[in-house]
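What follows is each chain in one-letter form.
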Amino acid sequence: MKPGDLIQIQKPMRVQQCGHQIMNRLKDYELFPSLSLQPGEVYLMTEFYMGEEHYPIYNFFEITILAEGKQWETAITIDQDNEVDDYIKVFESPTLLPRG
């Protein structure tokens, strides 16, 4: 999986609009834009990151997608790297197409 791939959602998940992670006041919560993604939907992935924490021990991945002309992101914890396919799969990968 690489940025530029079209990904298909496999499990329902929620993404937040980029740049809106920090809320200064509790009343800002109502202004916290998010989308609910459903299985079967296809999006352009603009960023993908796999990470791991050593204590407590867990792996995670972060994705950023393009939807409605805006960037949206989420982070999901997983036990093993191969669990990413349970959440998202490559639908089409322009990064793997032959050039010429």
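Below or above, wherever it landed, is the structure these notes cover. (Residues numbered from 1 in each chain as written. Predicted model: local features only at pLDDT ≥ 70, side-chain atom pairs only at ≥ 80, totals over all residues. Heavy atoms only, no water.)

### Points about the sheet that holds strand β6 (residues 70–78)
Ordered by their spatial adjacency, 7 strands build an open sheet running β3-β2-β6-β5-β4-β1-β7, and the pairing between neighbours is antiparallel. Unpaired on one side and paired on the other, β3 (34–37) and β7 (88–92) mark the two borders of the sheet. Pairwise comparison of adjacent strand axes, ignoring direction, gives a mean angle of 40 degrees for this sheet. Relative to strand β5 (residues 57–67), strand β4 (residues 42–54) runs antiparallel, the two sharing 10 bridges. Within β5, the position partnered with Glu-52 by the bridge is Asn-59. (Pairing = 2+ DSSP bridges. Helix = DSSP H or I, 4+ residues; strand = E, 2+ residues; numbered from the N terminus. Axes fitted to C-alpha atoms, helices over the stretch in contact; angles between N-to-C directions.)

### Concerning the packing of aromatic side chains
For the structure shown, the criterion picks out 4 aromatic pairs. Plain terms: the ring middles of Tyr-49 and Phe-60 are 6.0 Å apart, the flat faces sit at 50 degrees to each other, and that makes the pair tilted. Here the residue Tyr-49 occupies a position in strand β4, and Phe-60 occupies one in strand β5, the gap between them amounting to 11 residues. Put simply, the rings of Phe-48, Phe-61 and Tyr-87 pair up and form one aromatic cluster. In this structure, Lys-11 is placed above the aromatic ring of Tyr-87, and the distance from its NZ or CZ to the ring centre is 4.7 Å. (Phe/Tyr/Trp six-rings, centres within 6.5 Å; stacked < 30°, edge-to-face > 60°. Lys NZ or Arg CZ within 6 Å of the ring centre and 35° of its normal.)

### Observations regarding the pairing of β3
Of the two faces of β3, the one holding Leu-35 and Leu-37 is buried and the one holding Ser-34 and Ser-36 is not buried anywhere. Sheet analysis places strand β2 (residues 13–17) next to β3, joined by 4 bridges and oriented antiparallel. Note that in β3 the partner of Met-13 across the bridge is Leu-37. (Buried < 20%, exposed > 50% of the residue type's maximum accessible area, 1.4 Å probe, protein only.)

Read these as geometric descriptors, not functional statements.
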